[in-house]
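Understanding the architecture of this molecule
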Amino acid sequence: MKDTDLLDAHRQELWRGTVVLASLLALQKPGYGYGLLDALERAGVPAPANTLYPLLRRLEGQGLLTSEWDTSGSRPRKFYRTSREGVRLARELQKEWSAIDRALSHLATEAETETADGDAGPATT
């Protein structure tokens, strides 16, 4: 596997778990699927349409999103909004995200310190 393929595969795996949180945050302002795809793309969160629409249905089924149909236009569109439970979950997930970021930053700092001190040997537990 080429380095770029390996990076792309791991990058996709890393981002996969962020789409739920990003969707819950973005839909605190009501929106429809295509608009959410656009908002996520502008924010730099990759979310393929073929995975986003099933995710929206799943989050709605879990009570994390509410929806209603807008029939005022030429085509009916389903608008989603993050529910109160979804907002609570998003807050908790943001706390978890911050804890993960601190843990990874700590590990990176330790590794940099050990490398700078000339101790590039295997990690011990």
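Residues numbered from 1 in each chain as written. Predicted model: local features only at pLDDT ≥ 70, side-chain atom pairs only at ≥ 80, totals over all residues. Heavy atoms only, no water.

1. Digging into the environment of Ser-67
With respect to the helices and strands, the residue Ser-67 is situated in strand β2 (residues 65–70). Remark: the alpha-carbon pair of Ser-67 and Tyr-80, spanning 13 residues in sequence, is separated by 4.3 Å. In contact with Ser-67, not counting residues within four places along its chain, are Glu-60, Lys-78, Phe-79 and Tyr-80. Only 2.4 Å separates the side chain of Ser-67 from the side chain of Glu-60, close enough to count as a polar contact. (Helix = DSSP H or I, 4+ residues; strand = E, 2+ residues; numbered from the N terminus. Contact = heavy atoms within 4.5 Å. Polar contact = N/O pair within 3.5 Å; in protein donor to acceptor, adjacent residues only side chain to side chain.)

2. Side note on the packing of aromatic side chains
Within this structure, the stated rule accounts for one aromatic pair. Aromatic pair Tyr-32 and Phe-79: ring centres 5.4 Å apart, planes at 65°, arrangement edge-to-face. Separated by 47 residues along the polypeptide, Tyr-32 in strand β1 (residues 31–32) and Phe-79 in strand β3 (residues 77–82) bring together distant segments of the chain. What makes Tyr-32 partly exposed here is its relative accessible area of 23%. Cation over ring: Arg-77 sits above Tyr-32, and NZ or CZ is 3.9 Å from the ring centre. (Phe/Tyr/Trp six-rings, centres within 6.5 Å; stacked < 30°, edge-to-face > 60°. Buried < 20%, exposed > 50% of the residue type's maximum accessible area, 1.4 Å probe, protein only. Lys NZ or Arg CZ within 6 Å of the ring centre and 35° of its normal.)

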